[in-house]
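# Close look at the chain arrangement
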Amino acid sequence: MKKRKYTRKKKAGALFLFILFMGIAVSGGLGLYYINNFSNFLFSKTELLQTTKFEDTETLERKILNDAQSIFEYTALSQVFGWSDEENQKTPLYRVNINNTEYDICLKDLSGIYEILWEAQNGVYEEELQQSQLYDGAEEEILEPYDSVQVEVVEEPAAGSTEEAGKKHRENAYLEPFKELAVGTYYSELRWDSMSAAEKEWVIKEYQWDKVVSAEWPKRFTLNNTAEILIYPGQICRVTYDYLQQKAVREDAELPRLCERGQSYLDTYYTLSNRLDEAETNLRYVIYEESSGLYSSNSESITAGDINKLEKYVSYDNNTHRITTNFQKASVENWNLEYLATSLIGVDSGASFSVGLDTRYPVEDEYRWMSESFSQCRPILWLSLLAIIVGGLGGIFTFVYLIASVGHREDYDEIWLDKFDRWPTEPAALLIVGGILGFVYVCGILAKIFARNFFTSNMIYTVMQILSFVVSAIIGLMGFFSLVKRLKAGTLWKNSILRKILIKTGHGFRQLVKGWPATGKVAGVIVLYWIVTIPLCMFITINRFWGSFFLYVTGIIAFVAAQLTAAGIILWAVLGRKRILDGVERISGGDLDYVINDQGLLADDRRLADAINNIGAGLQDAVDTAVRSERMKADLITNVSHDIKTPLTSIINYVDLMKRENIEDETLKRYLEILDQKSQRLKNLTEDLVEASRASSGNISLQLERINFVELVKQACGEFSEKFEERGLIPVTSFPDYSLHVIADGRRVWRILENLFQNTKKYAMPGTRVYISVGEYDGYATFTMKNISESELNITPEELTERFTRGDASRTTEGSGLGLSIAKSLTELQDGIFEIYLNGDLFQVTVQFEVAEDEPEDTGANTGAVIEDGSGADTGPETEALEDGEPEGTGEKESDGRDVETDDDLEFFDMDESEADREEKFLQEAIEELLSSGLLKKKPQ
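Throughout, residues of each chain are indexed from 1 in the direction in which the sequence is written. Per-residue local features are limited, in this predicted model, to residues with pLDDT of at least 70; the limit for side-chain atom pairs, both in listing and counting, is 80 or more; totals at the level of whole chains, interfaces and linings are taken over all residues. Calculated side-chain values reflect all of the structure's heavy atoms, with hydrogen atoms and water omitted.

## A short note on the overall build of the chain
Runs of H or I in DSSP of at least four residues are treated as helices and runs of E of at least two as strands, each being numbered from the N terminus. A tally of regular secondary structure across the chain gives 28 helices and 24 strands. Areas reported as accessible are Shrake-Rupley estimates using a 1.4 Å probe. Residue values count occlusion only from the protein chains shown. Split by element, the accessible area of the chain, about 55900 Å² in all, is 56% carbon and sulfur.

The structure is reproduced here in structure tokens:
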């Protein structure tokens, strides 16, 4: 069994490292938690990271400026209050107008009034007013001050009127005016006297004010200055002068509210006096103004110059109106210290001040505590961040290793699935999620029970939160690793209950629509789309105007999901159809081995793809069969031609030997002549057949070179001029006065021209003209030959280029019917164009080759004669044949008159013997045959 790299020891070590790194990261998180809860309100984490000293932080500078405002507030209050609480209680705070009489009221007076009115205003007014009920007809309801009520009004008859007194009617009225009458102006003679008896009765009855109104009110109260005033609940007075601000004011206020305000000022004075005392703070300040004699400081031994020498200070010179400070980060200009200096009581033009901090922190105050906290929190923050980074990176790496190793065992090659991993996906997910939620809920219940019955501290909640987090993390990791194993094994969706339901539903739906036509399926999809989207649109509209915002957003999300699903299905179908079209194009382009992948296609598209694949396979089989057939035919032609070549050569040699004898019998001479003609024709036919087979199959090596197409055609015209004269054909030529060069094989191009000229010589009507032209058209060098056929052309151009097709139906002329076929094959093999046009008896053939780019002509010594004169036809051994006027491949006439095979013949038939050996062998065989037959006799010695 193959041993895997994920061993149990490695996985256990990775799990241990993962827990260790997670512990390090959690400890770093706890450090950040400490920083956030104990120092975030003092200074930010950015200051802890970027600043090494607490004295360089913006937080310290802002606190000094904030305390400077408190110093000005304390200085202003110290001009009114003193150190004696009794004197502070008797110090006049406000001058008020009560019942058109002004009184100076101190805090002691306001406190006495506040105590008298407390029970009436708070114990009766607020409680009874909240519980009072107004009746409107038979219905009972609690009304607010601004509700409209029906009021029954008793009409008083006008003076001199004869109407009956006491007539009543009901009218709408707001409760707020009656509330004001009841609690604020009940004892005001002006407003109360203006009320009718019915209104007074209604107010007393409906507000149950009779519980408050009695002979005890209004009460008389003696002020500190022996003056007496009348007080009652809801009494409003007018403040005309504020001694704290030392300026006249105009304000309506209740006496208890003035008491609360004055007491607040006094409390602030006492608080600041204790906090700014020299023995309680490291902050030092001096405020002074020479003209008014103002001087305030929390240290008798320090001056403004000493403060300006501290590490942190800010000062203002009222004479120059200039602020001096060594603050680096806080913007002093935004704190309006100049305004505070000019707002002091009794100072018209403002005062100078200096505020500084003794950074030695000799006094244990808030500044010292903040400095120590900064020194403690900064290393904690750095260590916490380092722990989070190290623990996080280590945890990620080990977690990735655990993910990679989960499911692998040393003794098992496949993914190992436990019993829980084989559960259906949905029940397993519900168990994991339900277990986490259930345990968290149980921990919450237990925390409440323990906190109520056993513990007095809230620490039990923290313990339960940690316990629930740890257990939830363990359950979550178990579920996550199970999910990973399911993904690796490919069983997540395979074991899903939803998948099984969808498969059964889809199978039933496919069975339902299986016989539907394509239009019916499209209509069904459209109807299904409407069934989904129209109710969703109605649902969204209803919840937009009359429903909840949550349902409105949910409907929008569902609508967008439906649109995306529809778009995905359409895109899926389009991509599948495009895949099929691409496959059809590739198959139609000749790639018959291409197979369309039908995975993920719709049912109809899958059937179409399978049908096309079957067509491609059938075409491939047909092409393979045709190729094998062509190969077999080519092999047959080659083999048969090779088998025919040997006896045919013997026949030709024997005939030649017999012709050399002095045979006087004319009949025998005529037989030998016929035998010579037929054997030569059979030889030419055999050679043409091999050439046609090789040209059509492309089994020819081409030697492409730059040739002069015009000169090559001219040379062909010269070669066939005598043969045309024998047939009475008159060539009419048209050549350009410039050269046209093409890239082609000179031998093959000459063979093309030779076959066309031979075809014209054989089948053109004698005594007619043959039109031969060369020109350049659309970048092609074009050769055109036109003539009148001697025989009737009742055939198509396509049939004329087929093998063994001849121009005369009787087949009495010379020729094999392969000339045009060979010419066409050789032309197309060199990327040329070969076309035949027939119009009645008019025969026209066109050969085109792409014109080559202009280049300097090579005049080297190794170039053939034709290249030197531009024709490109002389390419070696065949040049001699062209000079002799013999067609290619027909052999050369040597001095002894024997037909000798060319090298081209040997190439066609792959003969193993050399030419000399074969000739000698054939000659010996012929002599022996003649001697044995008695036709040839040896001369006597």
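## Some points on the pairing of strand β20 (residues 780-788)
Here the rule is simple: two strands pair whenever DSSP picks up at least two bridges between them. Pairing of strand β19 (residues 769-777) with β20, which is carried by seven bridges, proceeds in the antiparallel orientation. Bridging across to β20, Ser-773 finds its partner in Thr-784. Once β19 ends, the chain turns through two residues before running back antiparallel as β20, passing Asp-778 with a positive phi of about 55 degrees.

## Overview of the side chain of Asp-109
Looking at where Asp-109 falls in the secondary structure, it is placed in helix α5 (residues 107-131). No salt bridge is formed by the buried Asp-109; the nearest opposite charge belongs to Lys-108, separated by 6.9 Å. Contacts are residue-level and defined by heavy atoms, with any inter-residue pair within 4.5 Å sufficient. Excluding anything up to four places from it in sequence, Asp-109 contacts Asp-104, Phe-221, Leu-223 and Asn-224. Accessibility here uses a 1.4 Å probe with only protein chains present; expressed as a share of the type maximum, an area under 20% marks a residue as buried, one over 50% as exposed, and anything in between as partly exposed. For the purpose of charge, His is not counted, nor are the chain termini; Lys and Arg are scored as positive and Asp and Glu as negative. Any carboxyl oxygen of Asp or Glu that lies within 4 Å of a side-chain nitrogen of Lys or Arg is treated as forming a salt bridge with it.

## Regarding unusual backbone geometry
Of note, Tyr-361 is a non-glycine position whose phi angle comes to about 50 degrees, a positive value. Positionally, Tyr-361 belongs in the loop between β15 (352-357) and α12 (366-405). Within the chain, Asp-778 stands out as a residue other than glycine whose phi angle is a positive 55 degrees. By secondary structure assignment, the location of Asp-778 is in the loop between β19 and β20. With a relative accessible area of 78%, Asp-778 lands in the exposed category.

## Observations regarding the pairing of strand β1 (residues 92-98)
Bridging between β1 and strand β2 (residues 101-106) involves six bridges; their strand directions are antiparallel. Its bridge partner lying in β2, Val-96 is registered against Tyr-103. Between β1 and the antiparallel strand that follows it, β2, lie two residues; Asn-99 among them carries a positive phi value of about 50 degrees. Relative to strand β9 (residues 236-242), β1 runs antiparallel, the two sharing four bridges. Looking across to β9, one finds that Tyr-94 is bridged to Asp-242.

## Section: the nonpolar core
Across soluble globular proteins, you tend to see nonpolar side chains buried next to one another. To form a nonpolar core, buried Ala, Val, Leu, Ile, Met, Phe, Trp, Tyr and Cys residues must be joined to one another through side-chain atoms within 4.5 Å. Counting residues in hydrophobic clusters, the biggest one holds 64 residues, and the most contacted among them are Leu-255, Leu-258, Ile-287, Leu-337 and Val-355. Take this core: its biggest share by element is nine residues, from helix α3 (residues 58-78). With residues near it in sequence (within four places) discarded, Leu-337 still touches Leu-65, Ala-68, Phe-72, Val-314, Val-332 and Phe-353. Formed by 41 residues, the second largest nonpolar core is a distinct cluster that contains Phe-720, Leu-818, Ile-836 and Phe-849.

## Brief notes about the packing of aromatic side chains
Any pair of Phe, Tyr and Trp rings, taking the six-membered ring for Trp, is counted once the centres come within 6.5 Å. Such a pair is stacked with planes under 30 degrees apart, edge-to-face with planes over 60 apart, and tilted for the rest. Overall, the coordinates contain 19 aromatic pairs when judged by the stated rule. Between Phe-72 and Phe-353, the aromatic rings sit 5.0 Å apart at their centres with planes inclined by 85 degrees, giving edge-to-face as the arrangement. Residue Phe-72 is found in helix α3, and its partner Phe-353 is found in strand β15; the two are separated by 281 residues along the sequence. Plain terms: the ring middles of Phe-545 and Trp-546 are 5.8 Å apart, the flat faces sit at 55 degrees to each other, and that makes the pair tilted. Given the relative accessible area of 69%, Trp-546 is considered exposed. The structure contains a cluster of three or more aromatic residues connected by ring pairs, namely Phe-18, Phe-399, Phe-480 and Phe-481. Only when the NZ atom of a Lys or the CZ atom of an Arg is both within 6 Å of the ring centre and within 35 degrees of the ring normal do we say a charge sits over the ring. Seen from the ring of Tyr-367, Lys-63 lies directly overhead, with NZ or CZ sitting 5.1 Å from the centre.

## Re the environment of Leu-294
Inspection of the secondary structure puts Leu-294 in strand β12 (residues 294-297). Given a relative accessible area of 14%, Leu-294 falls into the buried group. For the pair Leu-294 and Ala-351, spaced 57 residues apart in sequence, the C-alpha separation works out to 8.1 Å.

## Structural notes on the pattern of salt bridges
With the rule as written, the count across this model stands at 23 salt bridges. A salt bridge links Glu-58 to Arg-62; the shortest N-O distance between them is 3.8 Å. Here Glu-58 and its partner Arg-62 are both found in helix α3, four residues apart, which amounts to about one turn of the helix. Notably, a salt bridge pairs Asp-67 with Lys-63, separated by 3.7 Å at the nearest N-O pair. In this pair, Asp-67 and Lys-63 are both assigned in helix α3, four residues apart and thus about one turn of the helix distant. The exposure classification of Asp-67 matches that of Lys-63, with both residues buried. Overlapping salt bridges bring together Lys-63, Asp-67, Arg-275 and Glu-366 as one network.

## Comments concerning the packing of helix α22 (residues 746-763) against helix α24 (residues 819-829)
Running from N to C, α22 and α24 cross one another at 150 degrees; their axes reach a closest spacing of 9 Å. As far as their axial angle goes, α24 and α22 are roughly antiparallel. Read as a crossing pair, α22 and α24 show a hand that is left-handed. Contacts between α22 and α24 pair Arg-748, Arg-751, Ile-752, Asn-755, Leu-756 and Asn-759 from the former with Gly-819, Leu-820, Ile-822, Ala-823, Leu-826 and Thr-827 from the latter. Looking at side-chain class alone, the contact of α22 with α24 contains six nonpolar, four polar and two charged residues. In this description, a line fitted to the C-alpha atoms serves as the axis of each element, helices being fitted only across the stretch in contact, and the angle between N-to-C directions of two axes falls anywhere from 0 to 180 degrees. Here is the rule for angles: anything less than 35 degrees is roughly parallel, anything more than 145 is roughly antiparallel, 65 through 115 is roughly perpendicular, and the remaining ranges are oblique. Here a crossing is taken to be left-handed if its near helix is turned anticlockwise relative to the far helix by less than a right angle, and right-handed if that turn runs clockwise. Charged residues are taken to be Asp, Glu, Lys and Arg, nonpolar residues to be Ala, Val, Leu, Ile, Met, Phe, Trp, Tyr, Cys and Pro, and polar residues to be all remaining types, Gly included.

## Regarding the packing of helix α20 (residues 709-719) against α22
The interhelical angle for the contact between α20 and α22, taken along N-to-C directions, is 40 degrees, at an axis separation of 10 Å. In terms of orientation, α20 lies oblique with respect to α22. Seen along the crossing, α20 lies across α22 with a hand that is right-handed. Of the residues in α22, those in contact with Phe-709, Leu-712, Val-713, Gln-715, Ala-716, Cys-717 and Glu-719 of α20 are Val-749, Trp-750, Leu-753 and Phe-757. Among the residues forming the contact of α20 with α22, the class breakdown is nine nonpolar, one polar and one charged.

## What to know about the confidence of the model for the chain
pLDDT measures the predictor's confidence residue by residue and takes values from 0 up to 100. Chain-level statistics for the chain give a pLDDT mean of 76 and a share of 74% at 70 or above. pLDDT under 50 marks residues 123-151. Its contacts with residues more than four places away, or in other chains, come to 56 contacts. In this model residues 858-915 is a low-confidence stretch, pLDDT under 50, and it forms 102 contacts with partners more than four residues away in sequence or in other chains.

## Brief notes about the sheet that holds strand β13 (residues 312-317)
The strand order β12-β11-β15-β13-β14 describes an open sheet built from five strands, whose pairing is antiparallel. The open sheet terminates on both sides in strands that have one partner only, identified here as β12 and β14 (322-325). In this sheet, adjacent strand axes meet at a mean angle of 5 degrees when their direction is disregarded. Bridge analysis of β13 against β15 gives five bridges, and the strand direction is antiparallel. Each bridged residue has a counterpart across the sheet, and for Tyr-316 the counterpart in β15 is Phe-353. Against the sheet, α3 engages β11 (283-289), β12, β13 and β15, with an angle of about 45 degrees to β11.

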